[in-house]
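Observations on the three-dimensional arrangement
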Amino acid sequence: MRKRKFSDTSLIVSWCTESFGCVQTIAKGARRPKSAFAGKLDLFFEAEISIVRSRKSDLHTLTEVVLKNPFPGIRSNYLRMQTAAYFVELIEICTEREHREPELFGLLRRAFGYLDAKDATPRAVEHFETELARIAGVHDERRLKADPAFALGNLFGRLPLSRTPLLKTLVAQAKKSAT
């Protein structure tokens, strides 16, 4: 979901996993040219990971990564990447660290699969927000006509700042495609 520099040779990598929920790992030596992690630690990748859980903190040690799906179609289009980044930001806001939620992992996997094959649309964003609100227990489409993003924003105190510019761009793109 996210990666950042930890030291001259190591990275901190955040993952959304089916088994552990959202976790942070340290990938020791990942920034070295001949690292075993080379080419395996990028945004929007699906991978199987092995970690050694820390007893002292919520920063665990990443020991192995097996790439399953790099979702190359996401990287083929800036708007797809922007949408995938929004989905990740929204999940980071809406989840507790290390809280196992397999349905959330499945939602993100489906969203990446969609963006891998198709262009982003306002409807895709709305669907993702609706499903996330349903998983969080704050939106029931049959009973509520309210905006699921509004429900998420109320529950978690905010929505990603990237939402408004993303939706403006997607709506403009949809209008351009319709003409």
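Before reading further, recall that the structure is shown in the block above.
Computed from a predicted structure; not experimentally measured.

1. Topic: helix H2 (residues 78-94)
Over its 17 residues, H2 runs 24 Å from end to end, which matches the ideal 24 Å to within 8%, given 1.5 Å per residue. Within H2, burial applies to Leu 79, Arg 80, Thr 83, Ala 84, Tyr 86, Phe 87, Val 88, Leu 90, Ile 91, Ile 93 and Cys 94. Lining the buried residues of H2 we find strand S3 (21-27), helix H1 (72-75), helix H3 (102-117), helix H4 (122-136), helix H5 (148-156) and helix H6 (163-178). The distance from a side-chain oxygen at the start of H2 to the backbone nitrogen of Leu 79 is 2.8 Å, and the residue carrying that oxygen is Asn 77.

2. Quick word on the sheet that holds S3
Pairing is mixed across the open sheet formed by five strands, whose spatial order is S1-S2-S3-S5-S4. Here the strands that pair on one side only, and so sit at the sheet edges, are strand S1 (2-5) and strand S4 (46-52). Between one strand axis and the next, the sheet turns through 35° on average, direction left out of account. Here S1 runs beside strand S2 (residues 11-17); their pairing, made up of four bridges, is antiparallel. Its bridge partner lying in S2, Lys 3 is registered against Val 13. Across the face of the sheet, H3 comes into contact with S2, S4 and strand S5 (59-69) while running at roughly 100° to S2.

3. Quick notes on the state of the cysteines
Under the definition given, this model contains zero disulfides. Cys 16 supplies the cysteine sulfur nearest to Cys 22, a cysteine that is in no disulfide, at a spacing of 4.2 Å. Look at Cys 22 and you get buried, because its relative accessible area is 8%.

Criteria and cut-off values
- Residues numbered from 1 in each chain as written.
- Predicted model: local features only at pLDDT ≥ 70, side-chain atom pairs only at ≥ 80, totals over all residues.
- Heavy atoms only, no water.
- Helix = DSSP H or I, 4+ residues; strand = E, 2+ residues; numbered from the N terminus.
- Expected span 1.5 Å × (residues − 1).
- Buried < 20%, exposed > 50% of the residue type's maximum accessible area, 1.4 Å probe, protein only.
- Contact = heavy atoms within 4.5 Å.
- Polar contact = N/O pair within 3.5 Å; in protein donor to acceptor, adjacent residues only side chain to side chain.
- Pairing = 2+ DSSP bridges.
- Axes fitted to C-alpha atoms, helices over the stretch in contact; angles between N-to-C directions.
- Disulfide = S-S within 2.5 Å.

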